[in-house]
Amino acid sequence: MVLALSNSIFAADENTKYGSLPHWRNLLSDPSAFILYLSPMSNPNDPVAFLFVVPRVYNPPIQNRFTTGSHIWLAGVTPQWRQSGCLTRLVQELDDVAMVTICTYPSRFQTMWSWLILPAWKYERALGGGKVMLGRPSRLEDGRPDVFLVSSKPFI
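Just so it is clear, the model here is predicted, and its values are computed rather than measured.

What counts and how
Residues numbered from 1 in each chain as written. Predicted model: local features only at pLDDT ≥ 70, side-chain atom pairs only at ≥ 80, totals over all residues. Heavy atoms only, no water. Buried < 20%, exposed > 50% of the residue type's maximum accessible area, 1.4 Å probe, protein only. Helix = DSSP H or I, 4+ residues; strand = E, 2+ residues; numbered from the N terminus. Pairing = 2+ DSSP bridges. Phe/Tyr/Trp six-rings, centres within 6.5 Å; stacked < 30°, edge-to-face > 60°. Lys NZ or Arg CZ within 6 Å of the ring centre and 35° of its normal. Axes fitted to C-alpha atoms, helices over the stretch in contact; angles between N-to-C directions. Contact = heavy atoms within 4.5 Å. Core = buried A, V, L, I, M, F, W, Y, C linked by side-chain atoms within 4.5 Å. 1 Å grid on protein atoms, 1.4 Å probe; cavity = no way out; pocket = protein on both sides within 12 Å on 5 of 7 lines; lining within 4 Å. Points joined across faces, edges and corners; volume = space filled by probe spheres on them. Nonpolar A, V, L, I, M, F, W, Y, C, P; charged D, E, K, R; others polar.

J.: Let's hear about the pairing of strand E6 (residues 131-137): which residues, and what values?
T.: With five of its seven residues buried, E6 lies for the most part within the structure. Count of turn residues in the strand E5 (residues 122-128)/E6 antiparallel hairpin: two residues, of which Gly129 carries a positive phi of about 65°.

Next up, the structure:
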């Protein structure tokens, strides 16, 4: 379900890592990897946005202290739901994660870039080919917000 959503958003080929069910399953075999998705209450079986989060090791450390964290490997929102707060809502579920990173190509994904350069995200490093990494430390001092989103491991 979420892989189909991703493939429809990005027109990914099943022979690439982004469109490959075996690759997604391999990433999800790590116990700290997960997928969050957002569906309208009127149609809970039809997700409109998702985040695919995997563990990451940072070498050199980021923000002068983090050597490990969670990385948003892939994120997408359907065109009709973009700029409606879906990505912000999903990322809020990661507020208690010590360090979250995300990479993007500012020139290719200008709307995403304009959202990421908000104060919560800090530029970490250039990765070559126009790709950059940004990071965001935990936004909560204690506890998880009182909300519920479904982790969708069974719903690839």
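J.: Provide a residue-level description of the packing of aromatic side chains, including the pertinent values.
T.: Inspection of the entire model under this criterion finds six aromatic pairs. Aromatic pair Trp24 and Trp73: ring centres 6.2 Å apart, planes at 80°, arrangement edge-to-face. Pair noted here: Trp24 is in helix H2 (residues 21-28) and Trp73 is in strand E3 (residues 66-77), with a separation of 49 residues, a long-range link. The exposure classification of Trp24 matches that of Trp73, with both residues buried. Its end group placed over the ring of Trp121, Arg136 keeps NZ or CZ at 5.6 Å from the ring centre.

J.: Can you lay out the sheet that holds strand E1 (residues 34-38) for me, pointing to particular residues and giving the numbers?
T.: One open sheet accounts for six strands, arranged E1-E2-E3-E4-E6-E5; its pairing is mixed. Of all strands in the sheet, those with a lone pairing partner are E1 and E5, marking the two edges. Recorded for the sheet is a direction-independent mean angle of 35° between the axes of neighbouring strands. When strand E4 (residues 99-104) meets E6, the two strands line up antiparallel, connected through six bridges. Following the sheet pairing, Met99 is matched in E6 by Pro137. Contacting E1, strand E2 (49-62) and E3, H2 crosses the sheet at an angle of about 60° to E2.

J.: Explain the nonpolar core to me, using residue names and the numbers behind them.
T.: Judged by nonpolar contacts, the single largest core of 23 residues is most densely connected at Leu51, Ile72, Leu87, Leu94 and Trp121. Put simply, the parts of the chain that give this core at least two residues each are E1, E2, E3, helix H3 (86-92), E4, helix H4 (110-116) and E6. With four residues, H3 is the largest single contributor of residues to this core. Apart from residues no more than four positions distant in its own chain, Leu87 is found in contact with Leu51, Ala75, Val77, Met112 and Trp115. The next biggest cluster of nonpolar side chains, apart from the first, holds 15 residues, and it includes Val2, Leu5, Ala33 and Ile35.

J.: Could you give an account of the layout of surface pockets, with specific residues and numbers?
T.: Within this model, the largest pocket holds a volume of roughly 980 Å³. As for the largest pocket, its lining consists of 34 residues, of which Phe10, Ala75, Thr104, Phe109 and Met112 are closest to the centre. Counting only elements with at least two residues in the lining of the largest pocket, the list comes to helix H1 (2-10), E3, H3, E4 and H4. No other element matches E3, which puts seven residues into the lining of the largest pocket. Of the residues belonging to the lining of the largest pocket, the class tally is 18 nonpolar, 11 polar and five charged.

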